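One letter stands for each residue in the lines below.
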Amino acid sequence: MEVKLEQSWKDLLKDEFEKPYFKELTEFVKKEYKSATVYPPAKLIFNALDSLPVDQVKVVILGQDPYHGLGQAHGLSFSVPDGVNLPPSLQNIYKEIESDLGHSKHPSGNLGRWASQGVLLLNATLTVRGGQAGSHQNKGWETFTDAIIRRLVEKKNFLVFILWGNYAKQKGSIVDTKKHLVLTAPHPSPFSAYSGFFGSRPFSKTNKYLVEHGETPVDW
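Notes on the structure in this doc start here. (Residues numbered from 1 in each chain as written. Predicted model: local features only at pLDDT ≥ 70, side-chain atom pairs only at ≥ 80, totals over all residues. Heavy atoms only, no water.)

## Looking at the pairing of strand β3 (residues 119-123)
Consecutive side chains of a regular strand alternate in pointing toward one face of the sheet and then the other.
Then, number 1: Burial analysis of β3 places five of its five residues in the buried class, which makes it a mostly covered element.
Then, number 2: In β3, alternate side chains face the same way, and those of V119, L121 and N123 on one face and L120 and L122 on the other are all buried.
Then, number 3: Pairing geometry for strand β2 (residues 59-63) and β3, over five bridges, is parallel. Each bridged residue has a counterpart across the sheet, and for L62 the counterpart in β3 is L122. (Buried < 20%, exposed > 50% of the residue type's maximum accessible area, 1.4 Å probe, protein only. Helix = DSSP H or I, 4+ residues; strand = E, 2+ residues; numbered from the N terminus. Pairing = 2+ DSSP bridges.)

Okay, structure coming up:
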């Protein structure tokens, strides 16, 4: 099956595209885009991978599924395009950055600047129906994103996995903690941020680990 994707990811995941589940997933997604409002725009489904070649990945921030409101999702977890109002979860992420690092100025909700520094902003599910959170779960995306994490864990050393919320934490079982750092906390949504997300300091912990292993820290 031909999948349009940044070449290094295409090479890493080539076996995955031939598996029956991925073919079924592809047919499901095609039908959804034809019959319903689906986010992100189809050309941005793999934006997280297209924005960052495999050999440049240093950090993985895992989300659940894309934002389901008009104009919000653009294929990077927790991120919104320039000019779009900050969703509550992203507002809380920025509050934690300010508390953790003292950075109070953020140009926009577009986290592409993190991707350009080696942060893979990956959702567990890469598509969603408009206004229907979780509507494309259990269709095959989770198997695909598990494969992404598994290949990264095998191929690379000293990655940081930032897992917020129980859904993301489940993915942590794939990660070999002897060769990678896993940081977990409650989800940054208003429903759970005060249960341990605030004060978890993932950004300073990530940078400390990166520097200790010879990598450039992320300018959050």
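## Let's talk about the packing of aromatic side chains
Then, number 1: By the definition in use, this model includes 15 aromatic pairs.
Then, number 2: Aromatic pair Y21 and F22: ring centres 6.2 Å apart, planes at 90°, arrangement edge-to-face. Taken individually, Y21 and F22 each receive the classification buried, so the pair is uniform in this respect.
Then, number 3: Look at F46 and W141: their rings are 6.0 Å apart centre to centre, the planes differ by 75°, and that puts the pair in the edge-to-face class. (Phe/Tyr/Trp six-rings, centres within 6.5 Å; stacked < 30°, edge-to-face > 60°.)

## Section: the nonpolar core
Then, number 1: Membership of the largest hydrophobic core comes to 64 residues, with the highest contact counts inside it found for W9, F46, I61, I93, W114, L120 and F144.
Then, number 2: For this core, the element with the most residues is helix α6 (residues 141-155), which contributes six residues.
Then, number 3: Excluding residues that lie within four positions of it along the chain, I93 makes contacts with F78, W114, W164, P188, F197 and F203. (Core = buried A, V, L, I, M, F, W, Y, C linked by side-chain atoms within 4.5 Å. Contact = heavy atoms within 4.5 Å.)

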